[in-house]
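Working through the structure, step by step
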Number of protein chains: 2
Amino acid sequence: MKFITSKDNATIRLAQKLKMKKYRDREGLFFIEGRRSVEELVMSPEHIHTLFVQEGYEEQDFIRSFGDQVCVLNEQLLNSIADTQNPQGFAAIAHQKKYDFQDMLDSSGFWVLLDRIADPGNLGSIIRSCWAFGVGGLLLTPQSVDPYNPKVVRSSMGGVLHLPIISEVDDEQVQSLQNHNWRFLCTDMQAMTPYYEADLTGKTILVLGSEAEGVSNKLKKICWNSLKIPINPQVDSLNVAVACAIIVAEAARQRKGEYRLL
Amino acid sequence: MKFITSKDNATIRLAQKLKMKKYRDREGLFFIEGRRSVEELVMSPEHIHTLFVQEGYEEQDFIRSFGDQVCVLNEQLLNSIADTQNPQGFAAIAHQKKYDFQDMLDSSGFWVLLDRIADPGNLGSIIRSCWAFGVGGLLLTPQSVDPYNPKVVRSSMGGVLHLPIISEVDDEQVQSLQNHNWRFLCTDMQAMTPYYEADLTGKTILVLGSEAEGVSNKLKKICWNSLKIPINPQVDSLNVAVACAIIVAEAARQRKGEYRLL
């Protein structure tokens, strides 16, 4: 256990740099905070780079066994590296896990492809729901918000540590997915098939578009079917994280045995 | 149409005061911003108190007919009263609509009761989903976040103007609901019945609890049935707005005819 008191300590400086995507990409690390997220992290010890603990919390059982990787800080210093006003005594630097696109290609299950999702809260919520409903993983097109953005990490409630995520998925990879018999679905207010009448089993990828522009025409064209979530016609649209949750919940319901959720 | 250039103008000062709940309650007004929300407001003209339009946007069709109620501001002044960095040229002061508890008591349908929901983004998202899925309305216990909080209003995407909302619902009113044969349901990870096997038709109230503490024991006791949303057992819980959307979507599906959503 190390006690750090200076802002100029190298580990503190690293934590602060990880607020920027450039450094997260370069180091392959990201910053998490909050008791719940850190508890989630210590369950996958291979992800841990550094655990930050506020003075007075260092004797907590779930922390003690990580001796060398634990840094004890005073409240002020912990708050200075945190993104929220109240990190609840815990934060950490974690290793990003790289998932192999080829492995995904050869797998099966229900995946979600997000096309230029911009809002960190939405992406975090989608990660949390996909993790909860046993989705195989998440594919992100270029120009999507970074899944290791602090707000995404926070609102995923630990999901970012568990759900396979593959970023910067390009046209060529989308083509490979088609060649490997992945079937693409999207949502469309004008579609005829309600989501609960569609078959959501098999190798399926649900495509959801950005908050502002929806799914790109290029991706729409490769969709095998478009699904409707029937809503009040006065209402423009659902929030994208809500639409995602409703469909992945239905997929989990249809694929019950496969996901072992019950 | 009035042109306002001074921060000290009474209407500008009123807009600023409405950021505080105390003034919203006293005046029975609230502040909204963003093109989409203002477009939603002008469809219910009886709600309009004042429309704020940025110079250059005052000739938009949907604004022109409200002559006296329109104030034209320069960009800087509009931004100074807005809650976001980009109000997209439009904001407004709107009248709160008061819904009568007695009317609700004698009505029927599917309602949602939120117990001490604290996060404005969650409440806004719940309002948007409830509006979309034809929920009768929303009941809020004391200590819930104010539905006219600017962030709630924004994330409801106009829903706050349409969905009946009754705040400060107390124990006595809950008792009346029971006496009027409203049936209460809640969610519980330990419950036996998956939400899609429960009957969600009839006079039903779904009770959802605060992000931190869930549903109070007092409310749990009056629930006729508790529902399970089957998820990966590794995952703690779903986001409350996501859980709400999944269940109200299922209710809409079961009550299809009634809601005329299709």
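Note that this is a predicted model, so its numbers are computed, not measured. (Residues numbered from 1 in each chain as written. Chains lettered and ligands numbered in written order. Predicted model: local features only at pLDDT ≥ 70, side-chain atom pairs only at ≥ 80, totals over all residues.)

Quick look at the relation of the copies chain B and chain A
For clarity, the cut-off: Copies are brought into register by a least-squares superposition over C-alpha atoms of residues with pLDDT of at least 70 in both. Think of it this way: build a C-beta for each residue from its backbone, and any pair within 7 Å is a contact.
The transformation that overlays chain B on chain A combines an axial shift of 0.0 Å with a rotation of 180 degrees, and the residual RMSD is 0.0 Å. What the superposition gives is, in effect, a two-fold axis relating one chain to the other. When you check the interface residues of chain B against chain A, 100% turn up at the interface there too, and the contact is symmetric in its surfaces.

Quick look at the interface of chain B and chain A
Selection rule: For the purposes of this entry, the term helix denotes a DSSP run of H or I that reaches at least four residues, the term strand denotes a run of E that reaches at least two, and both are numbered from the N terminus. Residues are sorted three ways: Asp, Glu, Lys and Arg are charged, Ala, Val, Leu, Ile, Met, Phe, Trp, Tyr, Cys and Pro are nonpolar, and all the rest, Gly among them, are polar.
Tallying the contact residues gives 24 residues for chain B and 24 residues for chain A. Elements with a minimum of two residues in the side of chain B that touches chain A: α7 (120–132) and α11 (240–254) of chain B. For the side of chain B that touches chain A, the element with the most residues is α7 of chain B, which contributes six residues. Here the residues of the side of chain B that touches chain A sort into 15 nonpolar, six polar and three charged.

Looking at the environment of K220 of chain A
Worth spelling out the cut-off: To sort residues by exposure, count the other C-beta atoms lying within 10 Å of each residue's C-beta; 20 or more gives buried, 12 or fewer gives exposed, and values between give partly exposed, all with C-beta atoms placed from the backbone.
Tracing the chain through its elements places K220 of chain A in helix α10 (residues 217–221). Residue classification places K220 of chain A among the partly exposed positions, given that 16 C-beta atoms sit within 10 Å.

Section: the domain arrangement of chain A
All names here are of chain A. Basically, it comes down to this: Note that domain bounds follow an automatic or database assignment of domains.
Per the domain assignment, the segments of chain A are domain 1 (2–95) and domain 2 (101–259). On a C-alpha basis, the centroid separation for the pair domain 1 and domain 2 is 31 Å. Residue assignment for the side of domain 1 that touches domain 2 shows that the elements contributing at least two residues are α2 (21–27), β2 (29–33) and α3 (35–42). In the side of domain 1 that touches domain 2, the residues fall into five nonpolar, five polar and seven charged.

A word on the sheet that holds strand β1 (residues 2–3) of chain B
Residue and element names in this part refer to chain B. As a reminder, the rule being used: Note: two strands are recorded as paired if DSSP finds a minimum of 2 bridges between them.
Reading across from one edge, β1-β4-β3-β5-β2 is the order of the five strands in this open sheet, with mixed pairing throughout. Bordering the open sheet on either side are β1 and β2 (29–33), each of which pairs with just one other strand. By the bridge criterion, five bridges tie strand β3 (residues 48–54) to strand β5 (residues 90–95) in an arrangement that is antiparallel. Each residue of the ladder has a partner; that of V53, found in β5, is F90.

A closer look at the packing of α7 of chain B against α11 of chain B
Residue and element names in this part refer to chain B. Definition in use: All axes are obtained by fitting lines to C-alpha atoms, using only the stretch in contact for helices, and the reported angles, taken between N-to-C directions, cover 0 to 180 degrees. If an angle is under 35 degrees, it is roughly parallel; if it is over 145, roughly antiparallel; if it lies from 65 to 115, roughly perpendicular; otherwise it is oblique.
Orientation of α7 relative to α11, taken along the N-to-C sense of each, is 10 degrees, at an axis distance of 9 Å. Relative to α11, the element α7 is oriented roughly parallel. Along its contact with α7, which presents N122, S125, I126, S129 and C130, the element α11 presents V240, A241, C244, A245 and V248. Taken together, the residues that form the contact of α7 with α11 break down as seven nonpolar, three polar and no charged.

Comments concerning the nonpolar core
The condition is simple: Note on terminology: a nonpolar core is a set of buried residues of type Ala, Val, Leu, Ile, Met, Phe, Trp, Tyr or Cys, with members joined through C-beta atoms within 7 Å.
V112, I246 and V248 of chain A together with V112, I246 and V248 of chain B are the most contacted members of the largest nonpolar core, which has 162 residues in total. Discounting chain neighbours no more than four positions away, the residues touching I246 of chain B are A245, I246 and A249 of chain A together with Y195 and I229 of chain B.

Considering unusual backbone geometry
Residue and element names in this part refer to chain B. Within the chain, Q143 stands out as a residue other than glycine whose phi angle is a positive 75 degrees. Mapped onto the secondary structure, Q143 falls in the loop between β7 (137–140) and α8 (150–155). Classification of Q143 by C-beta neighbours within 10 Å gives exposed; the count is 11. Despite not being glycine, M157 shows a phi value in the positive range, around 50 degrees. Looking at the secondary structure, you find M157 in the loop between α8 and β8 (165–166).

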